[in-house]
Every structure is written in structure tokens, then in C-alpha cells.
Amino acid sequence: MIFNIQRCSLHDGEGVRTVVFMKGCPLRCPWCSNPEGQSFGAELLFAPEKCIGCRDCMDAARNGEIRWNGAGPVIDRAVVKDAAALRRVCPAEAMTVAGEDRAVEGIIAEAEKDKVFYRGKGGVTLSGGEPFAQPELALNLLRAARERGLTAAAETCLDYPWENIEPALPLLDRILADVKHVDARKYNSATGGDAARALGNFRRLAGRGKPVAARVPVIPGFNADGASLAAIAGFVADAGARSMHLLPYHSFGEGKYALLGRAYPLAGIRNTPPESLEPIAQELASTGLHIIIGG
Amino acid sequence: MTAAQEVHEPRAYDIPAAKPDMTPRVRRLREKVLSARPGVCLERARAYTRVYRENESRPVIIRRALGLLETLTSGGIRIDEDDLLVGGHSSRLRAAPIFPEYAVGWILEELDEFEKRPGDAFYLDEDQKAELRDLLPWWSGKTLVEKGYGIMPPQVKEVHDSGIIRAEGNLTSGDGHVAIWHEKFLALGIGGYRRETGRLMAGLDFTKAEDIRRRLFYEAVLICLDGMERHIGRFADLARADAEKTSAPKRRAELLRIAGICDHIKSEPPRDFHEALQLIWFSQAVLQIESNGHSLSLGRLDQYLYPFYLRDRAAGRIGDEQALELLECLWIKLMSVNKIRSWSHTRFSAGGPLYQNVTIGGQTPDGGDAVNRLSYLILRSVGETGLTQPNLSVRYHRRLPEPFLMECLKVIGKGFGMPAFNNDEIVIPEMIQLGVGEREARDYSAIGCIEVAVPGRWGYRCTGMSFLNFMRAFLAALRDGREPVSGKTFRKGDGNFEDFAGFDQLMRAWKTQAVFYARMQVAVDAAVDLAIEEFAPDILCSAFTDRCLERGKTIKEGGSKYDFISGLQVGIANLGNSLAAIRKLVFEEKRIGKAELMAALDSDFAGPGGEKLRLLLLNHAPKFGNDDEYVDRLAAEAYALFIDEYATHVTTRRGRGPIGCRYYAGTSSISANVPQGASVPATPDGRKAWTPLAEGCSPSSGTDRLGAGAVFKSVARLPTGRIFGGVLLNQKLSPSAIRTDADKDKLGVMLRGFFDSLKGWHVQYNIVDRETLLAAQREPERHRDLVVRVAGYSAFFTALSPDTQDDIIARTEQTL
């Protein structure tokens, strides 16, 4: 299942990319800017300010997922089984569905629409969610991309069994792998993941000789301090990767939490201006890594 | 072969280093022009009124020549203390001359309103108003606009008056949209033209009526050249007098240099870079005193100026800093030009643009890369001054050097909308198809905004004839031909939509209206052309355009070598989106009934279910700009039905000399989408009544959801080769999207994809975030020099009226 195909992205690998966002992630990072990509099933998003009160969603919801509170619909998220049945029902697009089962052919055909912009460099990037959480779909997409001569990249948290990741490696031209923290306690408690697994996989990956870029979301209060970033850079360099991207914290995903009926865990934290990371980026460059802000 | 090609070897130049920034002199000049309040200058009106009154028996062409002579020799002139280039469009910075021979009615009517306008205000003092009330009434009944409407056949006039087709600006202010042949102009100098005119005049045979006519043209040319020479001579005298008065030795030397330059170029060809720039500026100013038509363009400045630059550089006479400073002085001079338009015309051309285009890059006549060192200097200097003039275009081609493209993207990143790109890969082959010689096709330049012509060899208005409101014509197609705003049936239709059995019937009904309005658009323009030819011929501009002197004809009489023109069609995306919504929701999915749709349109989606239906139309049908063939092909097909008819017609010059004399379609409809939308009821794309239409060929605001690449793909599906008046695409990017060099690099890759593979015509960028625009609305004083791309041109955001500001804010911002 995927939840978005982003056309012509400039920031997710070499050249111009078509990014396939795959649904479902083992982690629950509080700064996640794609919260609609976390769960493995289709989900309803609802923007009450767009609702015109036409009740078409009530008519389409057959299992009592939606109640009417007088002014608009209330979603009983515990009851929603078949969110997909509500796709393209709402005329106002107040209610939309994240998550769609699409055939590999259809996804790749969508990506190929960007082909004129690849010009030898660009191609498909699998992202998410966590692409390797759907190893079969990931593999099939990568095979199809290869058949069509498109380059392929993946953005991954690596917090998945190596067996899920490894078969895809020969089909990938580049991997953008998260290294969120090297402090296992902090990592595990913030993300709900397993630092040992993620870091171990990173070492394995970097040892394979594939172009690997470490991606570090720089989150205030989690890893934005100089010591944490230095430790991360030290680990990345030691593992044998060549470049590291510092991704400044932003709250652009905040609105989507509301659409999902969830509270934004990092409410109130201000966006990090990219320029403000320049001093630390210069320091980290002493590790020999190629440091990029954004990426 | 031009001088530029003889000396130019690909990359036989070093890329100039970035210098710190504008010199203090340029800063002061820039500040002065920015702070000058727009006003009017009455000198031209005074001179023309006097001359026209005293010479009523003489032919129009002679009166016009004498009017120009009088203005150039009697007007007040001054040299500002920082000027390196001298001369002006009027007696004061940003003061628009008045052109009473075109129209006076609107001036008198709006006299007390100019300063109250919501955008593009002009400030007149009471003395000026009193003098205009005194001068202008004499013109009543004698102006071009009145004569033009008098010529227009009643049936055509009725359509024009309904507002479905608008040609007002053409009658109230003349043609423009042209570039003279600067190369020849700089080679011959004013004296050279005088000698050539004299020689041709001597060979006339007055037993032939046409030679009697020709003589009048030549006489008029000589009068105008005399005016130009004396005008420049006055500046030589003034500079010398000012030099006497100044005690600062440096300024004194500058003034004496200016005097020497003017003495020389008043009749002789320029000898160096500074002289060439000065003569270019004089011609640019004088041609805009002769005619009030805008989009008078400078053509390929980096090509025809290059020999002068190279010679000076080789001799060690000019460094980068001096070259940049002189160029920047020219941009500020271009910025000092102003034009006052009627309020209704202003709304089509929001932000007071003059569209004085400068084109750089592209190819040599042999097909080599034409980028040179001067191209970089021009690009850099325009980036430094960051003004709305000149309107800078870069000609893209496959082998455009990567460093140059990157430099362009850096300037674009500054956010003032320049440079825009035109694409050689489509323009040149299509021009050759039209019948233009290969070497000349490679020498094209942008004119005004995004339209193209071979400078100095092409007549007026390669685009910019009348504006056709596609959506009003489309609504008529749904109602058996009855146009809902006027209530009139100009062309009986094919029945009412409620009775249409299938989608094909709708396309047939559209075709009927499209064919009719194509013919009407030609008819309106033909009447306008006849009126201008007879009542407001341009003399100097014709003399500097190839074949006019040789033929003894003005451009409008068929003097130019090539002649292709286009009107504009407004609402392309709305047309495609409306067709797609109807096909999908009414005929295929049957989610909306035919009568239900018509009732919703009539009521502007009022009543129970109205808004729901509107949202269905808006959200549940494909929209142009999302790389969706379903709608893109409909837009292309519907437009082609119009073009099939439009392109069969010929201009008033057919058989009188020029090659071509044909029409092609155009979409560089500047800011017309806002006022034209204001006259259109609700449309089936879910657009509410009276709101803006889609701008140019850009998607409707907010409906392109898949980013810049998908927009490129959709736009490329239009029949670009047949829309030679320009396929205008505005893209708005958030500044964060192209923050780093790597981002710019990738944006360059996308551009190359659009141009090389998709054969796109043009693209231009707005790189400014929503917050900045909103802040500028709240605090205009603090954002006085915020420049944005409106359509094919840039304008000061705070000078725009609130509705145009809102339209720009509403455009989809691509994050990439």
C-alpha cells in the first residue's frame, strides 16, 4: 500500500526524483512529518473547516464509522475498517483517504511520467513510511524500475530485519539511511525502535560499497546539541559512509496530525532555519564527511 | 553575418567575476527613480496640439513628424547630477507624456480619479489638470479611438462593445510590440539614415501616385531625424553649460565627455560602448515619444553591442565595473519611462509595465552558442538593479552553457521574476516553418513579454492585438449562442446544453462559437489596423525597420520584411477544465444532471446543493496542469478548433510587401485574466462568477497539485507550434525550494527537460513566499521595491491593485 506519489522532487536523491511513499512504519518518531504514513492500513483524514455538511460520507459509511454531531461528521476511528470505501466520496475533499493498494505497473507508469526530467540522473525513490516494511512491494517496484532503466533510491530508517533489506540492495543505486541517534536509550524511547538493529544495519549497509548518505533529522531536545551530532557524525564516518545530510526540524506535518485526529507531539517547537545549522555543519566536516544541509 | 559573429568564438571569454554590488552612483540613481512619484508631463501634448492646430491642411504623417520635432526641440531637458547617460522620455522621471492624438475622452473623464486608483495611481497637480482641460477638448472627434470605432463595422463593434473582445489599448495608445534593427541603426547612425532617405527620395517619379505617397513618408522621416539630431545636440550644449558651472573636476570631465558623445552621435555612428549605449537610449526614448505603444524592445543587446564592448576591452578602455555601471544606468533610464493608461486598460496591464525587453543568449545565425561575456554582464547588472525594467529574457537552447544557465537561476533566485526563458528549440524551427529565413530565425528576440520576432525585420504586434475572452464564448456555446452577460446572440448556436445528447455535441457547439469569435477577433483587429495606418502612422519606428525605407512605406502600410501577428485568448485552462468536468461528471459518471448544471451556473452555485455541485466540478474532475491527458487533450483540442479558423486569416498588409501577413494564436495575456474574469459568470470548472480566469497558459490557481513537472507536461500538450504569440507559463516556487546550488542545479535539469524534450515555449518564475506577499499588502511602504512576476512581465507588487495582488497570492506555490 502506498499513500502518495510525489512528482519531480528535488530533494530525495540524485537528480529529479519521483518519490513513492509506502504506507506503514515500525517507528513513531514524534517529529514525523508524514504521520499518515505510519499505520499499515488506509486511514481517514478529515478537515472540518472544509466540510459543507452534505452528509455524503454518512451515506457511504456502511459500518457506522461516522456519526453526525449536528454540524458535521465525527469519525469513530476504532470502528473504521474499510477507509478505502470513502475514497473520493467527499465533494469538498474535507474527508480524504490516505493509503491505496496500487499495482506495481500503475505506480511505475506514474513515475515514468517524470522520465523527461530524469536526464540520466533522476529516477524513483522509495520512501514512506518505511519502504522495507513492505519488502515484497519494494522489491517489485525496484525490479520494475530497473527493467525500465530508471535509477532507484530508497529512504529508510533501517529499523527492520536485515533480511527484509538485503535482497533490495542490488537493485538500488543509492540509499538514504536515517541515523537519528547513536544513543540507544534516547533513540529507543523517542522512536519506539531498536537502536542496535538500526545502527547495525547501517554498518552492514555502509560496508557494501553502495553510495549511502546518512540522514539526520536535527530535532531540538533530541539530537540537535553539538555532542549528539558529533557522536552521530563519528559513527557515520566510522561505518564508512561518505556523506551526511542534516535535515533541519520543521513542523510542516503538524496540520496532518489534526486531520488524523491526533495531537502533534512537538507542538510549540519552532522550525530550525537551515542557515542556523551552518556552523555545526562546518565543524562536522572535520570528520571527513560531506555534510549537506537539507538534501 | 553580423559583427558579433565575426569576433565571437564559443567560450572565447572568461566569465566575469561577481563584483560587490551597485556603485554608489547607481544606488543614488536607483533610489531617485524608485522614489519618483508617477505623474504626467504635458510638453508632448502641448507640442502636438500646437502643431496639429497650425497644420490642419497637411497630411497626417507630416503633422505627426512635426509634432515629434516640436516636442524634441522645445521640451525642457535636464541632466541629473549622477547621469552618465542623458536624455529622457519626458521632462521628469516617471512622468508619462500625454498622447492626445490617440484618445482624450478617458483622460478628461478620469482626470480627478488618477490619484485615487486602487493600483497604478498617477499624481497630477491642479495646474496640470487645468491645462489638460484646456488643451484636450480640441481633439474631440479627431482622435484615433474615435476614428477607429467609426471604421469598425456595426456588427463587429457590437461584439467589441460587449467586452468579449477587447482592443481598447490598441486604439488609445498605438502599437509598440516591436524592436528596431539596432545593428543597422548603430552602424549607420542618424546621418546614415538621412543620407539613405535622401537618396531614395531623389529617385522618385511623381507621375506615379505611389511615389507621391512615398515622398510624404520620406519627408516625414527627414523631419523626425532632424528632430532627433537637434534633440541630441541640445544635450551636448547642456552638458557643456553644466560643465562650466560645476566646480568638481571629476564631474566636469564626465559632463564634457557626455557633450563629446552627444556631439558625435547626433549624426555619426557610435564609436565605443558608451556612445552606443547612449544612442540606444536616445532611440528608445524618442520612439516612445513618437508612439504610446508599449513593449518597444531592445532586441539582442548582448549581440549587437558586443563588438563595441570587445573593441573597448581589447584597447583597455573598459573594465567590468564601468561596463556594469553603464548598463545599470541604462536600466534606470528604462525605468524612468512611464505610460498612463485608461483605468480599464490598466487592469489588463497591471503594475504600469512598459515591457522594454532585452534578450540575451540564444544562438548565432550560424547556429553556434551566442552567449558571450557581455551576456553575463547584462544578466548580472539586471540582477543587481532588480527593477521591473528591462524585461529580461534569455534564449534557451540545447547547448546553452551550464554556467550561464546556473547564473540565470541565481538571478531568478533573487525573486524579482527575471530572467524569463524562451526556447530556441521550438521557436526557430517553427519560425522557419512560417517562412522566415534560417539565419534570421536564429536572430529572433523576445518582444515585450514572451512573444518573439526578428528584431527590425518584423512588423508590430507579433502578439498583443485584441483579447478574446474564451469563457464568455464558451458559455454562449451552452446556450444556443446566447452570451449570458450581454444577453445577445451574436452567432446562433447548436442548441441548449440541456438538450445535448452527448459530449460530441458540446464540442460541435464550441466549434461554432470558436469559429465565429475567431473571425470577430480578426475583424476587430483589421479595423484597428486600418485606423492606425491612416490616422496614427509611426515614422521613425518604420524608418528603423527593415524594408520600410526601401519600399517608402510605414510598417502599417506593409513596409516590414515579415508580418505575423496575434491576438490573445484568455482562459485556456478554464476551457479545458470546463470541458473535462462536463464530460466526466455529466456524460460519463452522470453525477450531475444537465439542467442541474445550467441552473447552478445561472445562480452562481447558489441554493441548496449549489456549493456541493461546485466542489464536485472543482475536485472530482481532472484539471489542466496535472499531467492528465484526459483534460490536457481536451484543452488542446478545443483551442485547436479556434486556431484552425484563426490561422486562415490574413492581415491588412497582405499583398503589400511583407512575407507572411498571417495570424497565429497567443496566450501572453498579461494581467487580463483578472478583469476578463470579472466579466464572466460561473463556469463549469467550478469557478465562481466574476473571479479571475486562469492566467496565460498556466493552470487555474490552486488546481495544479502535482508540482512543476506535471505543469510542464500539461502545458507541452498544447499545440505550441501554432500558438506563436506565446505560451505563457508562470511558475511560483517557494524560496526554500531552490535554496542551495544543488537545488538550482536540479531546477536547471527540469528546465532542460521542459525545453529539450517537451519543447516548451517559455517559463518564468516567481520566487517569493506567501508571507512576504501578505506582509507587503499590510505594509506597502516597507516593501516598496518588492518586484513580482505578474504575467509576461514584472511589476512592483505594491503598485498593483488589490485584486491583482490577490490573484498572485492565490497562484499555486510549488515546493518541489
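Further up the page is the structure itself.
Residues numbered from 1 in each chain as written. Chains lettered and ligands numbered in written order. Predicted model: local features only at pLDDT ≥ 70, side-chain atom pairs only at ≥ 80, totals over all residues. Heavy atoms only, no water.

**Some thoughts on the overall build of chain B**
Argument step 1. On a plain count of helices and strands, chain B comes out with 34 helices and 19 strands.
Argument step 2. Its C-alpha radius of gyration of 26 Å places chain B within 12% of the 28 Å reference for a compact globule of 816 residues.
Argument step 3. With respect to the three principal axes, the spread of C-alpha positions in chain B is 85 × 65 × 50 Å.
Argument step 4. Expressed as a percentage of its 816 residues, the buried residues of chain B come to 68%.
Argument step 5. Working note: accessible area of chain B is about 25,300 Å², and carbon and sulfur atoms make up 50% of it.
Argument step 6. Both charge centroids of chain B, one from 108 positive and one from 109 negative side chains, sit 1 Å from each other. (Helix = DSSP H or I, 4+ residues; strand = E, 2+ residues; numbered from the N terminus. Rg over C-alpha atoms; globule rule 2.2 N^0.38 Å. Buried < 20%, exposed > 50% of the residue type's maximum accessible area, 1.4 Å probe, protein only. Areas by Shrake-Rupley, 256 points an atom, 1.4 Å probe, with all protein chains shown as cover. Lys, Arg positive; Asp, Glu negative; His and termini not counted. Charge placed at Lys NZ, Arg CZ, Asp CG, Glu CD.)

**Let's talk about the interface of chain A and chain B**
Argument step 1. Contacts between the two partners involve 26 residues from chain A and, on the opposite side, 30 residues from chain B.
Argument step 2. Roughly 2,400 Å² of surface becomes buried between chain A and chain B when both sides are summed, with 55% attributable to carbon and sulfur atoms.
Argument step 3. Together, Leu10, Phe117 and Arg119 of chain A form the three largest contributors to the area buried by chain A at its contact with chain B, with a combined 26%.
Argument step 4. Residue aspartate 627 of chain B is joined to arginine 7 of chain A by a salt bridge in which the shortest nitrogen-to-oxygen separation is 2.7 Å.
Argument step 5. At the surface where chain A touches chain B, the tally comes to 15 residue pairs in polar contact (both at pLDDT 80 or more). (Contact = heavy atoms within 4.5 Å. Buried area = accessible area lost by both parts, 1.4 Å probe. Salt bridge = Lys/Arg side-chain N within 4 Å of Asp/Glu carboxyl O. Polar contact = N/O pair within 3.5 Å; in protein donor to acceptor, adjacent residues only side chain to side chain.)

**Describing the pattern of salt bridges**
Argument step 1. Within the structure shown, the criterion is met by 91 salt bridges over all chains.
Argument step 2. We note a salt bridge from arginine 28 of chain B to aspartate 82 of chain B, for which the minimum N-O separation is 2.9 Å. Here arginine 28 of chain B, found in helix 2 (residues 24-35), pairs with aspartate 82 of chain B, found in the loop between helix 4 (60-74) and strand 2 (95-97); they are 54 residues apart in sequence, far enough to count as distant.
Argument step 3. Lysine 561 of chain B is the partner of glutamate 440 of chain B in a salt bridge, and the nearest nitrogen-oxygen pair spans 2.9 Å. In this pair, glutamate 440 of chain B sits in helix 21 (residues 438-441) while lysine 561 of chain B sits in the loop between helix 25 (548-551) and strand 12 (562-565), placing the two residues 121 residues apart along the sequence.
Argument step 4. The structure contains a network of salt bridges with shared partners spanning Arg7 and Asp114 of chain A together with Asp627, Glu629, Asp632, Arg633, Lys713 and Arg717 of chain B.

**Concerning the sheet that holds strand 13 (residues 568-570) of chain B**
All names here are of chain B.
Argument step 1. Ordered by their spatial adjacency, three strands build an open sheet running 3-11-13, and the pairing between neighbours is mixed. Looking at the sheet topology across the chains shown, the edges are occupied by strand 3 (165-166) and strand 13.
Argument step 2. With two bridges joining them, strand 3 and strand 11 (residues 467-469) adopt antiparallel strand pairing. Looking at strand 11, one finds that isoleucine 165 is bridged to leucine 468.
Argument step 3. Where helix 22 (residues 470-478) meets the sheet, it contacts strand 11 and strand 13, and its direction lies at approximately 35 degrees from that of strand 11. (Pairing = 2+ DSSP bridges. Axes fitted to C-alpha atoms, helices over the stretch in contact; angles between N-to-C directions.)

**A closer look at the packing of helix 33 (residues 770-778) of chain B against helix 34 (residues 802-810) of chain B**
Residues and elements named next belong to chain B.
Argument step 1. One way to put it is that helix 33 packs onto helix 34 with a least axis distance of 10 Å and a crossing angle of 165 degrees. Considering the angle they form, helix 33 stands roughly antiparallel to helix 34. With respect to the hand of their crossing, helix 33 and helix 34 are arranged in left-handed fashion. On helix 34, the residues touching Arg770, Leu773, Leu774 and Gln777 of helix 33 are Pro802, Gln805, Asp806, Ile808 and Ile809. (Parallel < 35°, antiparallel > 145°, perpendicular 65-115°, else oblique. Left-handed = near helix turned anticlockwise from the far one by under 90°.)

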